[in-house]
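The residues making up each chain are set out below.
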Amino acid sequence: MVFQRLTAFALIGLTTATQVGAEAGGDPTRGEALFRQCSGCHQIGEGAENRIGPQLNHIFDRAAGAVEGFRYSNGLSRAAAVGLAWNYDTLDAFIENPRTLVSNTRMSFRGMPDQQDRDDLVAYLRVFSDSPMNIPEAAPTARAVDHAVAPEVLAVVGDPAYGEYLSGECTSCHQKSGASDGIPSITNWRAEDFVIAMHAYKDGVRAHPVMQMMAGRLSTEEIAALAAYFERIDQKV
Amino acid sequence: MPLNRRTFIGAVVATSGVISTPMLRAQGRPRVVVIGGGAGGATAARYIAKDSDGAIDVTLVEPSRAYYTCFFSNLYIGGFREMNSLGHSYGTLAAEYGINVVHDWAVAVDRDAKTVTLASGGVLPYDRLIVSPGIDFVDGAVKGWDVSAQNVMPHAYKAGSQTELLKAQILAMPEGGTFAMVAPPNPYRCPPGPYERVSMVAHLLKQVNPTAKIIVADPKANFSKQGLFEEGWAANYAGMIERVGPEFGGGNVEVDPVAMTISIDGDVNRIDVCNVIPAMKAGRIAQIAGITEGNWAPVNAHDMSSKMDSNIHVLGDAAAQGDMPKSGYAANSQAKVCANAVRGALTGSTVFPARFANTCWSLIDTDNGVKVGATYEATPEKIATVNGFISEIGESAELRAATYRESIGWYEGITVDIFG
Ligand SMILES: Cc1cc2nc3c(=O)[nH]c(=O)nc-3n(C[C@H](O)[C@H](O)[C@H](O)COP(=O)(O)OP(=O)(O)OC[C@H]3O[C@@H](n4cnc5c(N)ncnc54)[C@H](O)[C@@H]3O)c2cc1C
């Protein structure tokens, strides 16, 4: 029976996770306390159900956007279709700032900047998953990179005229009108969201080969220029 | 008209002398003539007209009133698209961007007088000429075939009636009949194109004529996305497709459009449909203009200008530019670099560094899309590859379906970018 299995599993999980978690630098007990920031929307553990957000049991074992009966945002569904799966790195990046991975996610969480907090929270989530993928068992060598876009990068003011020229590379696929069939809209995004998303592709945190390739050779100034252009695209004279 | 930001920047740059003196004509606006309203030419015309806000007089010369894209024409054969969904008119370019669209053939270019002569006899003067005429076929490339045979053995490598003819022939094949393709040697328009076509023909035959066979005579040892196509053919069209490569004489081909036979390395086969895709060269007008070397028109990578004439730019399939494949995406990408450079030369607007990209999607079967792409930069010698990617063998069905949906979005996006 589902409930029993979960309960039993959660117990076993807890004991092992406490051990492993200590090694890995993540403390699930502390994580449980931190989970209060999530529990307004998410449930986890025995009998967990979908609420504002999907239930989080077995999150380590699945592709993104895969909880039955939960209606995901288009952004999250799209990220899932091109291969977003939950593992240590992606959860770490998502919890640090959800918009790094999914720009128009409905998850309105400002993010958890502290690496130790995220490790602890992820260690707690892991307790409720069967076969956690790629958790660094021997920290700190396997510690994830810092995904947050540095404040000085976010502060770069882009030149919209240069952005307009560069946007020619975007409009071979993305439509300025904001049409979003098959290819998402990038029109009128907040500049900050644009910058965060492009750096996530550039760093390879977001999975999409075309976007990783395109973002891969854009400099910080070029990304800022594009962001400035697309933010105000329809106010252009 | 408001003095917008762009004009302002242009003026500052011009007076500060960073860019050579703009060629502003006292008696009128500078004139750009574009030959060919396809992926390269229409994009260039639109970007120059749009970004110069009327400061440049743009004329687009194109014989057809509707352009049917070669891209996705294989999907029409496979039954995934209607032909009319591939047609695009020049109405928006004329009405919204103020481009003079002239439906005629360019028949001559006088490079000294800087004029283009039209079939109707009209003469168009230019300050800059952009040539994007696509491809023509090399005479005598396939023994037994010339363009007069194209209504019996279609190439379907310029889209529209040729594509419709090929599909009608496939649908009329006798049960268990044979479809033959003569694949072209490198370089040619759309490297994965013949193999996407084989996939789509197989998809169609599997439904209407499942015992039919496909034979491909290929002069190339390897082809684009080969591993992905072969994986897809084995999984979806097992036993249907035979490809004869050069090691078995796939390059030694002769066809007979009267007897409807194909001889591959001396072995004569009766066939029911024969899709001949001959070796290609730049559209004839490039040769007439005297800007070709061999079959193609060499260009400088940073602005797509002809190596023979700095007042002429060549785009798309006709250009010999280096590493980019001959694709609609590539032609569109080159056109934007060219438009920026031409505008800068004629009005003094800022010229940004050249950057190019390409991605080619192909459909193998229902919801089974794959893609390959790369970015490029201008070097003194050529357009050179920077980085790239390709779909992987064994990808999930969901990812392949997402890739196909993405290709549909790409088609909508790029056709808006080309035709407005
Ligand atoms: C089956 C097939 C599938 C393809 N699939 C894809 C794909 O999925 N993705 C992709 O990116 N590319 C694809 N391509 C390639 C793409 O169609 C071409 O690379 C692209 O059209 C090249 O653009 P162009 O401007 O050089 O030439 P074209 O688009 O062919 O335009 C040339 C235009 O010039 C006109 N013209 C020629 N001579 C004259 C003259 N003397 N005077 C006036 N006008 C003239 C012609 O009428 C034509 O309209 C495919 C091609 C084929 C055949």
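Within each chain, residue numbers correspond to sequence positions counted from 1 in written order. Each chain is given a letter, starting from A, and each ligand a number, starting from 1, according to the order in which they appear as written. Reporting in this predicted model follows two pLDDT cut-offs: at least 70 for local features of residues, and 80 or more for side-chain atom pairs to be given and counted; totals over whole chains, interfaces and linings ignore these cut-offs and use all residues. No hydrogens and no water enter the side-chain calculation; it runs on all heavy atoms of the structure.

> I keep staring at the interface of chain A and chain B and nothing clicks. Help me out?
Note: interface size is frequently given as the accessible area lost on complex formation between the parts. By the convention used here, residues are in contact when the closest approach between their heavy atoms is within 4.5 Å. Between chain A and chain B, the residue contacts involve 29 residues of the former and 44 residues of the latter. Put simply, buried area is the surface a 1.4 Å probe can reach on two separate parts but cannot reach once they are joined, added for both. Each partner contributes to the roughly 2,800 Å² buried at the junction of chain A and chain B, and carbon and sulfur atoms together form 57% of this total. Salt bridges are counted wherever a side-chain nitrogen of Lys or Arg sits within 4 Å of a carboxyl oxygen of Asp or Glu. The shortest N-O distance in the salt bridge between E222(A) and R355(B) comes to 3.3 Å. Definition of a polar contact: a pair of N or O atoms within 3.5 Å, with one able to donate and the other able to accept a hydrogen when the atoms are protein atoms, and with sequence-neighbouring residues admitted only if both atoms are side-chain atoms. The tally of links between chain A and chain B comes to 12 residue pairs in polar contact (both at pLDDT 80 or more). Only DSSP runs of H or I with at least four residues qualify as helices, and only runs of E with at least two residues qualify as strands; both kinds are numbered from the N terminus onward. Breaking the side of chain A that touches chain B down by element, the ones donating at least two residues are α8 (160-166) and α10 (209-216) of chain A. With 6 residues, α8(A) is the largest single contributor of residues to the side of chain A that touches chain B.

> So what exactly am I meant to see when it comes to the packing of aromatic side chains here?
For any two aromatic rings, the description comes down to two numbers: the centre-to-centre distance and the angle of the planes. A pair of Phe, Tyr and Trp rings is counted when the ring centres sit within 6.5 Å of each other, with Trp represented by its six-membered ring. The angle between the planes then sorts it: under 30 degrees is stacked, over 60 is edge-to-face, the rest tilted. In the structure shown here, the tally under the stated rule is 24 aromatic pairs over all chains. Residues Y124(A) and F128(A) carry aromatic rings whose centres are separated by 5.3 Å and whose planes lie at 75° to one another, so their mutual orientation is edge-to-face. F128(A) matches Y124(A) in its accessibility class, with the two residues each being buried. Taken together, a centroid distance of 6.3 Å and an interplanar angle of 50° make the contact between Y195(B) and F229(B) tilted. With Y195(B) in helix α6 (residues 193-208) and F229(B) in helix α7 (residues 226-236), the pair connects residues that are 34 residues apart, well separated along the chain. A relative accessible area of 0% places F229(B) in the buried class. Through pairs of rings, three or more aromatic residues link up here, namely F71(B), F72(B), Y329(B), W361(B), W410(B) and Y411(B). Cation placement over rings: the criterion is NZ of Lys or CZ of Arg within 6 Å of the ring centroid and within 35° of the ring normal. Taking the ring centre of Y47(B) as reference, the NZ or CZ of K50(B) above it sits at 4.3 Å. Exposure categories follow from relative accessible area, calculated using a 1.4 Å probe and restricted to protein chains: below 20% of the type maximum is buried, above 50% is exposed, and the middle band is partly exposed.

> I would appreciate a short explanation of the packing of helix α9 (residues 191-202) of chain A against helix α11 (residues 220-231) of chain A in the present structure.
The angle between the axes and the distance between the axes are what describe a pair of packed helices. All names here are of chain A. In this analysis an axis means a line fitted to C-alpha atoms, helices contributing only their contacting stretch, and an angle means the value between N-to-C directions, from 0 to 180 degrees. Relative to each other, α9 and α11 sit at 140°, their axes nearing to 9 Å. The orientation of α9 with respect to α11, classified from their angle, is oblique. Remark: the crossing between α9 and α11 carries right-handed chirality. Where α9 approaches α11, its residues A191, F194, V195, M198, H199 and K202 are matched on the opposing element by T220, I223, A224, L226, A227, F230 and E231. Under the scheme applied here, ten amino acids are nonpolar (Ala, Val, Leu, Ile, Met, Phe, Trp, Tyr, Cys and Pro), four are charged (Asp, Glu, Lys and Arg), and all others, including Gly, are polar. Of the residues in the contact of α9 with α11, the class split is 9 nonpolar, 2 polar and 2 charged. Working rule for angles: under 35 degrees goes down as roughly parallel, over 145 as roughly antiparallel, 65 to 115 as roughly perpendicular, anything else as oblique. Note on convention: the crossing is left-handed when the near helix lies turned anticlockwise from the far helix by less than a right angle, right-handed when the turn is clockwise.

> How do you make sense of the sheet that holds strand β6 (residues 106-110) of chain B when you look at a structure like this?
Working definition: the strands of a sheet are paired by backbone hydrogen bonds and lie parallel or antiparallel to each other. Residues and elements named next belong to chain B. Spatially, 3 strands are ordered β6-β7-β8 in an open sheet, and the strand pairing comes out antiparallel. Edge strands, defined here as strands with exactly one partner in the open sheet, are β6 and β8 (123-125). For this sheet, the mean angle separating the axes of adjacent strands, direction not counted, is 20°. Relative to β8, strand β7 (residues 115-118) runs antiparallel, the two sharing 3 bridges. Bridge pairing links V116 to L124 in β8. The pairing criterion is simple: DSSP has to find at least two bridges between the two strands.

> Mind showing me how you'd approach the domain arrangement of chain A here?
All names here are of chain A. Domain segmentation is taken from an automatic or database assignment of domains. Taken domain by domain, chain A comprises domain 1 (3-127) and domain 2 (151-231). On the domain 2 side, the residues contacting the 9 residues of domain 1 number 15 residues. Between domain 1 and domain 2, a total of about 970 Å² is buried, with carbon and sulfur atoms accounting for 51% of that surface. Area buried by domain 1 at its contact with domain 2 is led by R78, R99 and S103, which between them contribute 52% of it. At the surface where domain 1 touches domain 2, the tally comes to 2 salt bridges. As a salt-bridge pair, R99 and D193 come within 2.1 Å of each other at their nearest N and O atoms.

> Sorry if this is basic, but what is going on with the pairing of strand β17 (residues 273-276) of chain B here?
Consecutive side chains along a regular strand alternate between the two faces of the sheet. All names here are of chain B. Side chains V273 and N275 project from β17 onto one buried face, and the interleaved C274 and V276 project onto a second face that is buried too. The sheet contact formed by strand β11 (residues 178-182) and β17 spans 4 bridges and is parallel. By the bridge assignment for β17, A180 is matched with C274.

> I would appreciate a short explanation of the environment of P278(B) in the present structure.
Residues and elements named next belong to chain B. Of note, P278 is situated in the loop between β17 and β18 (280-282). In sequence terms P278 and P185 are 93 residues apart; their C-alpha atoms lie 7.8 Å from each other. With residues up to four places along the chain from it excluded, the contact list for P278 reads F137, A141, V142, W145, H155 and P184.

> Can you help me understand the state of the cysteines in this one?
Two cysteines, two sulfur atoms, one covalent bond between them: this is a disulfide. All names here are of chain A. Cysteine sulfur atoms are paired as a disulfide whenever they come within 2.5 Å of each other. If you walk through the whole model with that rule in mind, you get 0 disulfides over all chains. You can see C38 has no disulfide; the closest cysteine sulfur is in C41, sitting 8.8 Å from it. On the basis of relative accessibility, which here comes to 15%, the residue C38 falls in the buried class. Classification of C41 as partly exposed rests on a relative accessible area of 31%.

> Got a minute to help me understand the site of the ligand in this structure?
Residues and elements named next belong to chain B. Around the ligand sit 35 residues in total, of which E62, Y67, S132, R189 and D317 are the nearest. The separation between an oxygen atom of the ligand and a polar side-chain atom of R189 is 2.6 Å. Contact distances for the ligand include 2.7 Å between an oxygen atom and a side-chain N or O atom of D317. Coverage of the ligand by the protein amounts to 93% of the 1,000 Å² it exposes when considered alone. A class-by-class count of the residues in the shell around the ligand yields 18 nonpolar, 11 polar and 6 charged. Both domains that furnish three or more residues to the shell around the ligand are identified here as domain 1 (5-136 + 280-419) and domain 2 (139-276). Throughout, the term near means that a residue has one or more heavy atoms lying within 4 Å of the molecule or strand in question. Note that accessible areas follow from Shrake-Rupley with a 1.4 Å probe, and for residues the cover is restricted to the protein chains shown.

> Just checking my understanding: could you explain the domain arrangement of chain B for this structure?
Residues and elements named next belong to chain B. Parsing chain B into structural domains produces domain 1 (5-136 + 280-419) and domain 2 (139-276). Just the C-alpha atoms count here: the centres of domain 1 and domain 2 sit 29 Å apart. Counting residues at the interface gives 37 residues for domain 1 and 32 residues for domain 2. Summing both partners gives a buried area of about 3,000 Å² for domain 1 against domain 2, and 62% of it is carried by carbon and sulfur. Ranking the residues of domain 1 by area buried against domain 2 places N74, I77 and I364 at the top, with a combined share of 23%.

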